[in-house]
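What follows is the residue order along each chain.
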Amino acid sequence: MSDRLSVLKTYKLYVGGKFPRSESGRVYEVTDSKDRWLANAPLASRKDARDAVVAARKAFGGWSGATAYNRGQILYRVAEMLEGRRDQFVAEVADAEGCSKAKAAAQVDAAIDRWVWYAGWSDKVAQIAGGANPVAGPYFNMSAPEPTGVVAVLAPQESSFLGLVSVVAPAIVTGNTVVVVAAQDAPLPALSLAEVLATSDLPGGVVNLLSGRTAELGAPLAAHQDVNAIDLAGADAGLAKELETAAADNLKRVLRPGVVDWSAAPGTERLLSFLETKTVWHPMGV
């Protein structure tokens, strides 16, 4: 028998580039598919959600104002660090989703590849979401995409890591900042992703990760007047309807949930979902 004491990991939230405990002091037990205890995760509160929105708004100016090339380089750095911690994520996904190590490894590899894929879009998305418009008159007329702002993201429940990456990466690569609610029953891969983000070049506040009850955290985020959009990927039909109604109060952009195969090629739908279009008219010299 080993004479070493077990060193159990204490998971925390990730808000504004820091790792606070929930202001409520609450935690909840996270178990694997066989109901074996894995860890205690922080049970975030409405106050934690509001603090995360403040952090995301504070980070928005700098992140949206960075060059597309710089954002792509930072996302690629995150992928490099994920590759270095691949074994850890494979083990966590296997425990979280009750799948074999081989299947978990395939999901982690796909998630890393997807992060790289979205990183590559950073300086290319303007080519498919903007351009010159033909108009009648002596004007140049040009449209360009701009980030929506602060986006609340309810991470998919059934895909704790690949699904998480598939909703977070496309939102931030275009200049948005996000408040993410991790999968309620399998939050550990998301909380470990926070450690990767904190030690990459990603500015604090660009991604804020909360763990806890999806419905409890989704409600204040949907109603928050300083949240510009919400992705309901992790909400069931009943909760999605409630949150969409709350989001209408300040005309939030809403991405409704649907049946998604997270292992399929992502396409550009989520990349374009949280962009606004700015059109500029300029007189043409004669």
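So, here is what we can say about the structure in this document. These figures come from a predicted structure and were not determined experimentally.

Quick notes on the rules
- Residues numbered from 1 in each chain as written.
- Predicted model: local features only at pLDDT ≥ 70, side-chain atom pairs only at ≥ 80, totals over all residues.
- Heavy atoms only, no water.
- Buried < 20%, exposed > 50% of the residue type's maximum accessible area, 1.4 Å probe, protein only.
- Helix = DSSP H or I, 4+ residues; strand = E, 2+ residues; numbered from the N terminus.
- Pairing = 2+ DSSP bridges.
- Right-handed = clockwise from strand over helix to strand, strands pointing away.
- Contact = heavy atoms within 4.5 Å.

### Notes on the pairing of strand β6 (residues 177–181)
Moving on, step 1. Summarising burial for β6: five of the five residues are buried, a large majority.
Moving on, step 2. Both faces of β6 are covered, namely the face carrying Thr177, Val179 and Val181 and the face carrying Val178 and Val180.
Moving on, step 3. As paired strands, strand β5 (residues 150–154) and β6 are joined by five bridges and run parallel to one another. Residue pairing in the sheet places Val153 in a bridge with Val180 of β6.
Moving on, step 4. With helix α6 (residues 162–173) bridging β5 and its parallel neighbour β6, the resulting β-α-β unit is right-handed.
Moving on, step 5. Note that the unit made of β6, helix α7 (residues 188–198) and strand β7 (residues 207–210) has a crossover that is right-handed.

### Examining unusual backbone geometry
Moving on, step 1. Although it is not a glycine, Asp35 sits at a positive phi angle of roughly 65 degrees.
Moving on, step 2. Position of Asp35 among the secondary structure elements: in the loop between β1 (27–31) and β2 (37–42).
Moving on, step 3. Judged by its relative accessible area of 60%, Asp35 falls in the exposed class.
Moving on, step 4. You will see that Leu251, though not glycine, has its phi angle at about 55 degrees, which is positive.
Moving on, step 5. One can find Leu251 in the loop between α9 (237–247) and β9 (253–255).
Moving on, step 6. By relative accessible area, Leu251 is classed as exposed at 76%.

### Here we look at helix α8 (residues 214–223)
Moving on, step 1. Residues of α8 that are buried: Thr214, Leu217, Gly218, Pro220, Leu221 and Ala222.
Moving on, step 2. Along its buried surface, α8 packs onto α1 (46–65), β5, β6, β7, β8 (229–231) and α9.

Shape descriptors only; they carry no functional weight alone.
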